[in-house]
Amino acid sequence: MENQEQEKDNFWLWIGALIVGTVVLVVLFKARENEVSGWQSGAAQETARQVDAQISKQRSN
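Every chain begins its residue count from 1, and numbering advances along the sequence as written. Given that this is a predicted model, residues contribute local features only at a pLDDT of at least 70 and side-chain atom pairs are listed and counted only at 80 or more, while totals for whole chains, interfaces and linings are drawn from all residues. Excluded from the side-chain calculation are hydrogens and water; included are all heavy atoms of the structure.

Caption draft 1: Focus on the packing of aromatic side chains. Aromatic contacts are taken between Phe, Tyr and Trp rings whose centres are within 6.5 Å, Trp giving its six-membered ring; a plane angle under 30 degrees counts as stacked, one over 60 as edge-to-face, and the others as tilted. Under the definition given, this model contains one aromatic pair. Look at Phe11 and Trp12: their rings are 5.0 Å apart centre to centre, the planes differ by 75°, and that puts the pair in the edge-to-face class.

Caption draft 2: Spatial organisation of the pattern of salt bridges. Salt bridges are identified by distance alone: a Lys or Arg side-chain nitrogen within 4 Å of an Asp or Glu carboxyl oxygen. Applying the stated rule across the entire model yields two salt bridges. Put simply, Lys30 and Glu33 hold a salt bridge, and the shortest N to O gap is 3.9 Å. Within this pair, Lys30 and its partner Glu33 are both found in helix H1 (residues 2–60), separated by three residues, close to a single helical turn. Relative accessible area serves as the criterion here: at 45%, Lys30 is assigned to the partly exposed category. The rule is simple: take the accessible area with a 1.4 Å probe, protein chains only, and divide by the maximum for that residue type; under 20% is buried, over 50% is exposed, in between is partly exposed. Note on Glu33: relative accessible area 47%, which makes it partly exposed. Residue Arg49 is joined to Glu46 by a salt bridge in which the shortest nitrogen-to-oxygen separation is 2.8 Å. Taken as a pair, Arg49 and Glu46 lie in helix H1 at a separation of three residues, close to a single helical turn. You can call Arg49 partly exposed: its relative accessible area is 49%. Assessed through its relative accessible area of 35%, Glu46 is described here as partly exposed. By the criteria applied, helices consist of DSSP H or I runs no shorter than four residues and strands consist of E runs no shorter than two, each listed in order from the N terminus.

Encoded structure:
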């Protein structure tokens, strides 16, 4: 009887660990995605500034 209770406890322990692990992975991947998209956004803004500067320079010539 005691062995069955231990198995049930282990079952819920594994289920809990699986849920916690999944949540941690989702948070890590979301943070990574936000970091990458933020970098791309900054790069796109810098490129836009450079293009604007070149257009302004061409107009003044």
